[in-house]
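# Tertiary structure, described
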Amino acid sequence: MIAMDNGPDFPKLEPAPHPFAGTPCERLRAVQARIAHAATDAGRDAATVRLLAASKTFDAATVRAMAACGQQAFGENYLQEALDKQAALRDLRLVWHFIGPIQSNKTRAIAENFSWVHSVDRLKIAERLSAQRPSGLPPLQVCIELNVSGEASKGGVAVAELPALAKAVSKLPGLQLRGLMAIPAPATELAAQRAAFRQVREAYEALIARGHVLDTLSMGMSADIEAAILEGATIVRIGTALFGERIKNA
Ligand SMILES: *Cc1c(COP(=O)(O)O)cnc(C)c1O
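Structure report, in brief. Values in this document were obtained by computation on a predicted structure and should not be read as measured data. (Residues numbered from 1 in each chain as written. Predicted model: local features only at pLDDT ≥ 70, side-chain atom pairs only at ≥ 80, totals over all residues. Heavy atoms only, no water.)

### Description of the overall build of the chain
- Along the backbone of the chain there are nine helices and nine strands.
- Computed over C-alpha atoms, the radius of gyration of the chain comes to 20 Å, within 12% of the 18 Å expected from 2.2 N^0.38 for 250 residues, which places it in the range of a compact globule.
- Dimensions of the chain along its principal axes, counting C-alpha atoms only, are 70 × 40 × 35 Å.
- With the model as given, the accessible surface of the chain reaches about 12,900 Å², and the carbon-plus-sulfur share is 55%. (Helix = DSSP H or I, 4+ residues; strand = E, 2+ residues; numbered from the N terminus. Rg over C-alpha atoms; globule rule 2.2 N^0.38 Å. Areas by Shrake-Rupley, 256 points an atom, 1.4 Å probe, with all protein chains shown as cover.)

Now the structure itself:
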């Protein structure tokens, strides 16, 4: 091919591909590669970091396409939307995680229809989830959501209140406390991202030192996967990098 300059007779060069270009499987492999690369940087085995696909606002067909690429675990934030998708995808063996804020009138359906809940931040909600977990199912796997940014408007228990909540949650028969989840305030610098995740890890290690048996740090989203993995994340919750930008601001 002959190189030519971009004169007036030639079409403008296409803009750089959108980061979400590619097929669902290509996007999944790209995220898995980011995870593997970050794990290597952290001196960790990539198998210790699990990918949760955060599929809120994306429809059942989109989830089905991602499942066909091998992704099994999906995280949802809105109960009714999640129940509709679950109904449409019953033929697949997906594992559903609830990752959104929880109102008390939603606990029964959450307890009945999810394997995991990442967003427990009040004892009352934990007690309801435990009492409403059907006895034929294994205990609901839960993380306590920790608020490390100190933003009063955000969900999550304050660091100072975490030990008492963890103690109470760990005694509930319908739940198995697995660890902590956090959504720190967005930061662009790796160092700032790491500092927030480090606080979550330190709170987690403090619980382990108090005798809790925990194995899950649910932290890291599309913009901060690397920082989260460097600080010990065992589940990263990824939406945008897998599915593209959400239309709704959710
Ligand atoms: C939407 C959402 C995510 C995914 O965020 P992205 O930045 O799109 O990767 C992760 N965790 C929670 C709790 C979410 O609500």
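### Examining unusual backbone geometry
- Residue T57 is not a glycine yet carries a positive backbone phi of 75°.
- On the secondary structure map, T57 appears in the loop between β1 (50-54) and α2 (60-68).
- When its relative accessible area of 23% is taken as the criterion, T57 is described as partly exposed. (Buried < 20%, exposed > 50% of the residue type's maximum accessible area, 1.4 Å probe, protein only.)

### Observations concerning the site of the ligand
- Neighbouring the ligand are A54, K56, N77, I99, I183, M221, S222, R237, I238, G239, T240 and R246.
- Between the ligand and R237 there is a distance of 2.8 Å, counted from a nitrogen atom to a side-chain nitrogen or oxygen.
- R246 has a polar side-chain atom sitting 2.8 Å from an oxygen atom of the ligand.
- Within the complex, 90% of the 390 Å² of free accessible area of the ligand lies under protein.
- The class makeup of the residues in the shell around the ligand is five nonpolar, four polar and three charged. (Near = heavy atom within 4 Å. Polar contact = N/O pair within 3.5 Å; in protein donor to acceptor, adjacent residues only side chain to side chain. Nonpolar A, V, L, I, M, F, W, Y, C, P; charged D, E, K, R; others polar.)

### So, the packing of aromatic side chains
- What the rule picks out here adds up to three aromatic pairs.
- Ring plane angle 25° and centroid distance 5.2 Å describe the contact between F58 and F243, whose orientation is recorded as stacked. On the criterion of sequence distance, the pair formed by F58 in the loop between β1 and α2 and F243 in helix α9 (residues 240-243) is long-range, its members being 185 residues apart.
- Exposure remark for F58: the relative accessible area of 13% places this residue in the buried category.
- In this structure F243 comes out as buried when scored by relative accessible area, which is 8%.
- Between F74 and W96, the aromatic rings sit 6.0 Å apart at their centres with planes inclined by 40°, giving tilted as the arrangement. Of this pair, F74 sits in strand β2 (residues 73-76) while W96 sits in strand β3 (residues 95-98), placing them 22 residues apart in sequence.
- Exposure remark for F74: the relative accessible area of 0% places this residue in the buried category. (Phe/Tyr/Trp six-rings, centres within 6.5 Å; stacked < 30°, edge-to-face > 60°.)

### Some words on the pairing of β2
- Covered by surrounding structure in β2 are A73 and G75 together with F74 and E76, the residues of both alternating faces.
- Relative to β2, β1 runs parallel, the two sharing two bridges. Opposite A54, over in β2, you have G75 as the bridge partner.
- Between the parallel pair β1 and β2, the chain is carried across by α2, and the sense of this crossover is right-handed.
- As judged from the four bridges shared by β2 and β3, these two strands associate in the parallel manner. Note on β3: the bridge partner recorded for G75 is H97.
- As a crossover connection, the stretch from β2 through helix α3 (residues 79-88) into β3 is right-handed. (Pairing = 2+ DSSP bridges. Right-handed = clockwise from strand over helix to strand, strands pointing away.)

### Thoughts on the environment of G244
- The topology assignment puts G244 in the segment after α9.
- Between the alpha carbons of G244 and F58 there is a distance of 9.5 Å; along the sequence they are 186 residues apart.

### So, the pattern of salt bridges
- Counted by the stated rule, this structure contains ten salt bridges.
- K85 is paired through a salt bridge with E81; the nearest N and O atoms lie 2.7 Å apart. Of this pair, K85 and E81 both sit in helix α3, four residues apart, roughly one helical turn. Side by side, K85 and E81 carry an identical accessibility label, which is buried. (Salt bridge = Lys/Arg side-chain N within 4 Å of Asp/Glu carboxyl O.)

### Description of the state of the cysteines
- Evaluation of the coordinates by the stated rule reveals one disulfide.
- Between C25 and C69 runs a disulfide, and the two sulfur atoms are separated by 2.1 Å. Around the S-S axis, the bridge from C25 to C69 shows a dihedral of about -85° and counts as left-handed. Remark: C69 occurs in the loop between α2 and β2 and C25 occurs in helix α1 (residues 24-41); sequence separation between them is 44 residues. (Disulfide = S-S within 2.5 Å.)

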